[in-house]
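# Architecture at a glance
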Amino acid sequence: MPRHIAIIMDGNGRWATQRNKPRTAGHKAGVSALRTTIEACATYGVDVLTVFAFSSENWRRPDQEVSMLMELFLLTLKNQAKRLHKNNIRLKIIGEKTKFSESLQSKMQEVEQLTSDNTGLLLIIAANYGGQWDIEQACLQMMSYASKENVSLSDLKVDDFLSTAGIPEPDLFIRTGGEHRISNFLLWQLAYSELYFTDTLWPDFDKDALDLAMTHYSSRQRRFGQTGEQLTHG
Ligand code: IPE
Ligand code: IPE
Ligand code: MG
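Heads up: these notes are all about the structure in this document. (Residues numbered from 1 in each chain as written. Chains lettered and ligands numbered in written order. Predicted model: local features only at pLDDT ≥ 70, side-chain atom pairs only at ≥ 80, totals over all residues. Heavy atoms only, no water.)

Below, the discussion takes up the environment of proline 170. For proline 170, the position within the fold is in the loop between helix 5 (131-149) and strand 5 (172-175). Residue proline 170 is classed as buried on the basis of its relative accessible area of 3%. For proline 170, the residues in contact, after removing those within four places along its chain, are His4, Ala6, Leu186, Gln189, Leu190, Ser193 and Arg222. (Helix = DSSP H or I, 4+ residues; strand = E, 2+ residues; numbered from the N terminus. Buried < 20%, exposed > 50% of the residue type's maximum accessible area, 1.4 Å probe, protein only. Contact = heavy atoms within 4.5 Å.)

Printed below as a string of C-alpha coordinates:
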(Lines give C-alpha, C1' and ligand atoms only; values in the text may rest on other atoms or scores of the structure.)
(Ligands and ions follow the chains in the order given, each with its own letter.)
Protein backbone atom coordinates (compact mmCIF):
# COMPACT_ATOMS: atom_id res chain seq x y z
CA MET A 1 0.00 0.00 0.00
CA PRO A 2 1.52 3.34 -1.02
CA ARG A 3 1.78 5.88 1.80
CA HIS A 4 1.77 8.84 -0.55
CA ILE A 5 0.00 9.00 -3.93
CA ALA A 6 0.52 11.94 -6.31
CA ILE A 7 -1.84 12.45 -9.23
CA ILE A 8 -1.87 14.59 -12.38
CA MET A 9 -5.59 14.80 -13.01
CA ASP A 10 -5.52 15.25 -16.78
CA GLY A 11 -8.13 14.83 -19.51
CA ASN A 12 -11.05 16.98 -18.32
CA GLY A 13 -11.14 19.00 -21.52
CA ARG A 14 -11.11 15.97 -23.83
CA TRP A 15 -13.76 14.23 -21.72
CA ALA A 16 -16.07 17.21 -22.27
CA THR A 17 -15.24 17.59 -25.96
CA GLN A 18 -16.10 13.92 -26.53
CA ARG A 19 -19.54 14.70 -25.14
CA ASN A 20 -19.99 17.90 -27.13
CA LYS A 21 -19.86 19.87 -23.91
CA PRO A 22 -17.79 22.94 -23.05
CA ARG A 23 -14.41 22.19 -21.42
CA THR A 24 -15.74 23.67 -18.21
CA ALA A 25 -18.18 20.75 -17.90
CA GLY A 26 -15.14 18.48 -17.86
CA HIS A 27 -13.62 20.42 -14.98
CA LYS A 28 -16.85 20.12 -13.00
CA ALA A 29 -16.95 16.37 -13.61
CA GLY A 30 -13.29 16.32 -12.56
CA VAL A 31 -14.21 17.69 -9.14
CA SER A 32 -16.53 14.79 -8.49
CA ALA A 33 -13.87 12.28 -9.61
CA LEU A 34 -11.53 13.94 -7.13
CA ARG A 35 -14.06 13.52 -4.33
CA THR A 36 -14.30 9.80 -5.09
CA THR A 37 -10.52 9.39 -5.07
CA ILE A 38 -10.10 11.37 -1.84
CA GLU A 39 -12.65 9.20 -0.08
CA ALA A 40 -11.16 5.97 -1.43
CA CYS A 41 -7.67 7.01 -0.30
CA ALA A 42 -9.01 7.92 3.14
CA THR A 43 -10.73 4.53 3.41
CA TYR A 44 -7.58 2.67 2.34
CA GLY A 45 -5.55 4.44 5.00
CA VAL A 46 -3.25 6.23 2.54
CA ASP A 47 -1.36 8.92 4.48
CA VAL A 48 -0.95 11.57 1.80
CA LEU A 49 -2.71 12.35 -1.48
CA THR A 50 -1.24 15.14 -3.61
CA VAL A 51 -3.19 16.31 -6.64
CA PHE A 52 -2.22 18.73 -9.40
CA ALA A 53 -5.14 21.12 -9.79
CA PHE A 54 -3.56 24.06 -11.63
CA SER A 55 -0.03 24.39 -12.93
CA SER A 56 2.02 27.57 -13.14
CA GLU A 57 1.68 27.18 -16.93
CA ASN A 58 -2.11 26.86 -16.92
CA TRP A 59 -2.45 30.67 -16.81
CA ARG A 60 -1.69 30.45 -20.55
CA ARG A 61 -5.17 29.03 -21.18
CA PRO A 62 -8.01 31.21 -22.51
CA ASP A 63 -9.06 33.83 -19.94
CA GLN A 64 -12.54 32.40 -19.74
CA GLU A 65 -11.30 28.91 -18.82
CA VAL A 66 -8.88 30.31 -16.24
CA SER A 67 -11.55 32.39 -14.54
CA MET A 68 -13.98 29.47 -14.55
CA LEU A 69 -11.31 27.30 -12.90
CA MET A 70 -10.77 29.96 -10.22
CA GLU A 71 -14.50 30.15 -9.55
CA LEU A 72 -14.74 26.37 -9.39
CA PHE A 73 -11.84 26.26 -6.98
CA LEU A 74 -13.48 28.77 -4.66
CA LEU A 75 -16.89 27.13 -4.90
CA THR A 76 -15.47 23.65 -4.25
CA LEU A 77 -13.58 24.85 -1.19
CA LYS A 78 -16.77 26.46 0.12
CA ASN A 79 -18.90 23.40 -0.54
CA GLN A 80 -16.48 20.71 0.56
CA ALA A 81 -14.86 22.24 3.64
CA LYS A 82 -17.31 20.70 6.11
CA ARG A 83 -17.18 17.32 4.44
CA LEU A 84 -13.37 17.25 4.47
CA HIS A 85 -13.37 18.23 8.11
CA LYS A 86 -15.99 15.64 9.02
CA ASN A 87 -13.86 12.98 7.32
CA ASN A 88 -10.86 13.98 9.46
CA ILE A 89 -8.95 15.12 6.34
CA ARG A 90 -6.24 17.79 6.64
CA LEU A 91 -5.93 20.15 3.69
CA LYS A 92 -2.70 21.78 2.57
CA ILE A 93 -2.31 23.92 -0.53
CA ILE A 94 1.08 24.19 -2.20
CA GLY A 95 2.08 26.63 -4.94
CA GLU A 96 2.51 30.35 -5.38
CA LYS A 97 -0.73 31.44 -3.76
CA THR A 98 -0.18 35.20 -4.03
CA LYS A 99 -1.31 35.11 -7.67
CA PHE A 100 -4.84 34.13 -6.63
CA SER A 101 -7.62 36.58 -5.76
CA GLU A 102 -7.89 37.79 -2.17
CA SER A 103 -11.10 35.85 -1.66
CA LEU A 104 -9.60 32.60 -2.92
CA GLN A 105 -6.46 33.06 -0.83
CA SER A 106 -8.45 33.70 2.31
CA LYS A 107 -10.76 30.74 1.66
CA MET A 108 -7.71 28.50 1.19
CA GLN A 109 -6.27 29.70 4.45
CA GLU A 110 -9.61 29.29 6.22
CA VAL A 111 -10.02 25.63 5.16
CA GLU A 112 -6.38 24.84 5.96
CA GLN A 113 -6.94 26.36 9.39
CA LEU A 114 -10.23 24.54 9.95
CA THR A 115 -8.70 21.15 9.17
CA SER A 116 -5.23 21.72 10.59
CA ASP A 117 -5.66 19.42 13.61
CA ASN A 118 -7.18 16.53 11.66
CA THR A 119 -5.30 13.26 11.88
CA GLY A 120 -6.61 11.35 8.85
CA LEU A 121 -5.59 11.72 5.20
CA LEU A 122 -3.37 14.69 4.34
CA LEU A 123 -4.77 16.14 1.12
CA ILE A 124 -2.30 18.37 -0.71
CA ILE A 125 -3.63 20.46 -3.56
CA ALA A 126 -0.99 21.84 -5.91
CA ALA A 127 -2.33 25.12 -7.28
CA ASN A 128 -0.29 27.58 -9.32
CA TYR A 129 2.39 25.04 -8.62
CA GLY A 130 5.50 24.28 -10.64
CA GLY A 131 8.24 21.84 -9.71
CA GLN A 132 10.92 24.25 -10.92
CA TRP A 133 9.40 27.08 -8.87
CA ASP A 134 9.41 24.83 -5.79
CA ILE A 135 13.11 23.99 -6.11
CA GLU A 136 13.96 27.64 -6.76
CA GLN A 137 11.98 28.97 -3.81
CA ALA A 138 13.54 26.29 -1.58
CA CYS A 139 17.06 27.38 -2.58
CA LEU A 140 16.26 31.04 -1.97
CA GLN A 141 14.75 30.31 1.44
CA MET A 142 17.70 28.12 2.31
CA MET A 143 20.14 30.92 1.47
CA SER A 144 18.29 33.51 3.49
CA TYR A 145 17.98 31.10 6.43
CA ALA A 146 21.71 30.39 6.28
CA SER A 147 22.66 34.04 6.41
CA LYS A 148 20.08 34.99 9.04
CA GLU A 149 20.92 32.11 11.37
CA ASN A 150 24.59 32.26 10.50
CA VAL A 151 24.80 28.56 9.59
CA SER A 152 26.67 27.01 6.70
CA LEU A 153 24.65 26.26 3.54
CA SER A 154 26.28 22.84 3.38
CA ASP A 155 24.62 21.94 6.70
CA LEU A 156 21.15 22.55 5.26
CA LYS A 157 19.04 20.25 3.09
CA VAL A 158 16.92 21.35 0.13
CA ASP A 159 14.18 18.90 1.24
CA ASP A 160 13.60 20.91 4.38
CA PHE A 161 12.70 24.02 2.38
CA LEU A 162 10.51 22.53 -0.35
CA SER A 163 6.78 23.15 -0.08
CA THR A 164 6.46 19.48 0.91
CA ALA A 165 9.02 19.68 3.74
CA GLY A 166 8.47 16.98 6.33
CA ILE A 167 6.16 14.96 4.08
CA PRO A 168 7.38 11.59 2.75
CA GLU A 169 7.97 11.53 -1.01
CA PRO A 170 5.28 10.05 -3.28
CA ASP A 171 5.44 6.26 -3.59
CA LEU A 172 3.02 6.13 -6.49
CA PHE A 173 2.59 8.72 -9.23
CA ILE A 174 -0.50 8.50 -11.43
CA ARG A 175 -1.19 10.49 -14.58
CA THR A 176 -4.55 10.10 -16.28
CA GLY A 177 -5.39 11.31 -19.78
CA GLY A 178 -2.81 9.36 -21.76
CA GLU A 179 0.15 11.76 -21.76
CA HIS A 180 3.48 10.41 -20.55
CA ARG A 181 5.05 13.51 -19.04
CA ILE A 182 5.53 15.26 -15.71
CA SER A 183 4.41 18.75 -16.88
CA ASN A 184 6.39 20.52 -14.14
CA PHE A 185 4.67 18.67 -11.26
CA LEU A 186 6.76 17.49 -8.29
CA LEU A 187 10.19 17.33 -9.96
CA TRP A 188 12.36 16.81 -6.91
CA GLN A 189 9.92 14.66 -4.97
CA LEU A 190 9.25 12.13 -7.76
CA ALA A 191 12.88 10.98 -7.85
CA TYR A 192 12.00 7.42 -6.74
CA SER A 193 8.24 7.24 -7.25
CA GLU A 194 6.71 4.40 -9.24
CA LEU A 195 5.18 5.95 -12.36
CA TYR A 196 1.77 4.84 -13.59
CA PHE A 197 0.10 6.21 -16.71
CA THR A 198 -3.43 5.48 -17.83
CA ASP A 199 -5.45 6.55 -20.87
CA THR A 200 -8.54 6.92 -18.66
CA LEU A 201 -9.61 10.57 -18.68
CA TRP A 202 -9.72 12.13 -15.22
CA PRO A 203 -13.54 12.47 -14.94
CA ASP A 204 -13.81 8.70 -15.61
CA PHE A 205 -11.22 7.80 -12.97
CA ASP A 206 -13.13 5.89 -10.27
CA LYS A 207 -12.41 3.46 -7.44
CA ASP A 208 -11.82 0.57 -9.86
CA ALA A 209 -9.31 2.67 -11.77
CA LEU A 210 -7.55 3.53 -8.52
CA ASP A 211 -7.51 -0.16 -7.54
CA LEU A 212 -5.85 -0.99 -10.85
CA ALA A 213 -3.11 1.58 -10.19
CA MET A 214 -2.64 0.18 -6.67
CA THR A 215 -2.36 -3.38 -7.99
CA HIS A 216 0.23 -2.22 -10.49
CA TYR A 217 2.13 -0.53 -7.67
CA SER A 218 2.09 -3.60 -5.46
CA SER A 219 3.72 -5.67 -8.22
CA ARG A 220 6.77 -3.40 -8.41
CA GLN A 221 10.04 -4.07 -6.66
CA ARG A 222 11.41 -0.79 -5.35
CA ARG A 223 15.17 -1.08 -5.37
CA PHE A 224 16.34 2.47 -4.59
CA GLY A 225 19.66 1.74 -6.28
CA GLN A 226 20.23 -1.69 -4.72
CA THR A 227 20.14 -5.00 -6.60
CA GLY A 228 17.08 -7.23 -6.67
CA GLU A 229 19.06 -9.98 -4.88
CA GLN A 230 19.93 -7.68 -1.99
CA LEU A 231 16.26 -7.08 -1.45
CA THR A 232 15.04 -10.67 -1.75
CA HIS A 233 17.85 -12.24 0.31
CA GLY A 234 18.34 -9.39 2.78
C1 IPE B 1 -6.67 18.84 -16.48
O2 IPE B 1 -7.46 18.60 -17.59
C3 IPE B 1 -7.22 19.94 -15.62
C4 IPE B 1 -6.41 21.17 -15.60
C5 IPE B 1 -5.27 21.36 -16.20
C6 IPE B 1 -6.94 22.26 -14.80
P7 IPE B 1 -7.23 19.39 -18.95
O8 IPE B 1 -8.04 20.62 -18.92
O9 IPE B 1 -5.79 19.59 -19.19
O10 IPE B 1 -7.83 18.37 -19.99
P11 IPE B 1 -7.28 18.05 -21.44
O12 IPE B 1 -5.85 17.63 -21.30
O13 IPE B 1 -7.39 19.32 -22.23
O14 IPE B 1 -8.15 16.97 -21.95
C1 IPE C 1 -1.04 19.25 -16.08
O2 IPE C 1 -1.94 19.08 -17.13
C3 IPE C 1 -1.59 20.19 -15.06
C4 IPE C 1 -2.78 19.73 -14.33
C5 IPE C 1 -3.38 18.59 -14.45
C6 IPE C 1 -3.26 20.66 -13.36
P7 IPE C 1 -1.82 19.94 -18.47
O8 IPE C 1 -2.92 19.49 -19.34
O9 IPE C 1 -1.74 21.38 -18.17
O10 IPE C 1 -0.41 19.46 -19.04
P11 IPE C 1 0.18 19.56 -20.51
O12 IPE C 1 -0.03 20.97 -20.95
O13 IPE C 1 -0.60 18.62 -21.37
O14 IPE C 1 1.60 19.16 -20.39
MG1 MG D 1 -4.37 18.49 -20.18
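There's plenty left to go through after this.
Now for the site of ligand 1. As a structural note, the neighbourhood of ligand 1 is formed by Met9, Asp10, Gly11, Asn12, Gly13, Arg14, Arg23, His27, Ala53, Asn58, Arg61 and Leu69. Note that an oxygen atom of ligand 1 is positioned 2.7 Å from one of the side-chain N or O atoms of arginine 14. Within the side chain of arginine 61, a nitrogen or oxygen atom sits 2.7 Å from an oxygen atom of ligand 1. Within the residue set of the shell around ligand 1, elements represented by two or more residues are helix 1 (12-18) and helix 2 (23-44). Looking at the shell around ligand 1 element by element, the count peaks at three residues for helix 1. Tallied by class, the residues present in the shell around ligand 1 amount to three nonpolar, five polar and four charged. (Near = heavy atom within 4 Å. Polar contact = N/O pair within 3.5 Å; in protein donor to acceptor, adjacent residues only side chain to side chain. Nonpolar A, V, L, I, M, F, W, Y, C, P; charged D, E, K, R; others polar.)

So, on to the site of ligand 2. Close to ligand 2 lie Ile8, Met9, Asp10, Phe52, Ala53, Phe54, Asn58, Arg61, Arg175, Arg181 and Ser183, which account for all nearby residues. Note that an oxygen atom of ligand 2 is positioned 3.1 Å from one of the side-chain N or O atoms of aspartate 10. A distance of 3.3 Å separates an oxygen atom of ligand 2 from a polar side-chain atom of arginine 175. Protein coverage of the free-state accessible area of ligand 2, which is 390 Å², stands at 79%. Counting residues per element, the shell around ligand 2 draws most heavily on strand 2 (residues 48-55), which supplies three residues. Taken together, the residues of the shell around ligand 2 break down into five nonpolar, two polar and four charged. (Areas by Shrake-Rupley, 256 points an atom, 1.4 Å probe, with all protein chains shown as cover.)

Any link to function would need more than the numbers given here.
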